[in-house]
Amino acid sequence: MLNIDEERCVHRLTTAAKCRACVDSCPTRAWSMHADGLDLDPGRCDGCGLCVPACPSGALALAEPPELPLDQGSLKLVCERASGTGVRLPCVHALSEARLLDLQRNGLRRLMAHTGDCGACSRGAAAPLSARVDAVNGELLRAGATTISVQAADAAAPGVSPRRGFLAGLLNRPMAMLGRTPAASPDTRRAAVQGLAARGVLSTLWAVELDTRRCDGCALCAQLCPERAIVWLEGEREAGLSLHMERCVGCGICVDTCARQALKPGRAGCGAPGAVFRQARCGSCGGLFRHLEAHAPRHCPACRARAKRPNRLVVN
């Protein structure tokens, strides 16, 4: 079963939000979107949990998150539709970036996943666990931390018997890493970026790109961003739009509400880090307007638009 925090949902923040993460990730169509909002049919939900890591705002959580005990720095996951021994999950692909980072911090070094035929499974269209591990490993490398290796569920170290390998592991690992279950931390993207910040790393997991040529400085994106990943700074004669993508969780509100399409989903480090606007007085109507620092138009956008319209002769 799911716990739903409706106040976190991006659709509660603005009617312009177009997020369909829960709908698109649900293999049983338990989630649906209507003109008046999102709807969950509990009778269709099979508890796979795929919508939890897909939700960018952390509005969804499993009522009973599975315990993920570490054994000598290893975690063995088994899909409920596959044979094998280990921690049985409805779907191994529901393990989020936040949980992977938290498990690594608590000693996870090897992740083994035993799945069925994902290509023939209705859950197989979800973002694969391997892609999340790759993304997390990229962040861990930048932090100078040990990455998570992914192995076949039943693979053993070459040339070492399972028994000898087990004993060697006991001798080489501190007692704190043996057979312990880390306490579950918040399973949200916000927790993931905050966890990286605690390691001194600026997250690059999610981001948007700014095209300053399209931006008109309306600052709506900064007003609506729930993570303050986009900030508007107001001065006496100038103002600026500043992007802090290390806080971004990929909710897409800024993209959905930008009338001039100056923002789009992207990668951290791409696009402009911000834009500076200056205040000027229109040479036609006399009103104040903002313009990019690099440009100095004589007329406000409204007057420029009127000047482009062809003159019409009206005959009564």
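Residues numbered from 1 in each chain as written. Predicted model: local features only at pLDDT ≥ 70, side-chain atom pairs only at ≥ 80, totals over all residues. Heavy atoms only, no water.

Undergrad: Run through helix α7 (residues 189-198), naming residues and quoting values.
TA: Regarding α7, the residues found buried are Arg189, Ala192, Val193 and Leu196. Projection of α7 onto a plane perpendicular to its axis shows the buried side chains occupying an angular sector of 90°, all on one side. Within α7, the exposed residues directed more than 90 degrees away from the buried face are Gln194 and Ala198. The positive-phi residue at the C-terminal boundary of α7 is glycine 200, with phi of around 85°. (Buried < 20%, exposed > 50% of the residue type's maximum accessible area, 1.4 Å probe, protein only. Helix = DSSP H or I, 4+ residues; strand = E, 2+ residues; numbered from the N terminus. Arc of directions from axis to C-beta.)

Undergrad: Describe the pattern of salt bridges, and please don't skip the residues or the numbers.
TA: Taken as a whole and judged by the stated rule, the model has 14 salt bridges. Between arginine 12 and glutamate 6 there is a salt bridge, with its nearest N and O atoms 2.7 Å apart. Judged by relative accessible area, arginine 12 falls into the partly exposed class, the value being 49%. Using a relative accessible area of 45% as the deciding quantity, one classes glutamate 6 as partly exposed. (Salt bridge = Lys/Arg side-chain N within 4 Å of Asp/Glu carboxyl O.)

Undergrad: Let's hear about the environment of glycine 235: which residues, and what values?
TA: The residue glycine 235 is located in the loop between β10 (230-234) and β11 (238-243) in this model. Each C-alpha atom of the pair glycine 235 and phenylalanine 277 lies 9.8 Å from the other, and the pair is 42 residues apart in sequence.

Undergrad: Describe the packing of aromatic side chains, naming the residues involved and giving the relevant values.
TA: Tallied over the full model, the rule gives one aromatic pair. Ring plane angle 40° and centroid distance 5.9 Å describe the contact between tryptophan 232 and phenylalanine 277, whose orientation is recorded as tilted. Note that tryptophan 232 is positioned in strand β10 and phenylalanine 277 in strand β13 (residues 274-281), a separation of 45 residues in sequence. The pair formed by tryptophan 232 and phenylalanine 277 is uniform in burial state, with each residue classed as buried. (Phe/Tyr/Trp six-rings, centres within 6.5 Å; stacked < 30°, edge-to-face > 60°.)

These values are about where atoms sit, not about what they do.
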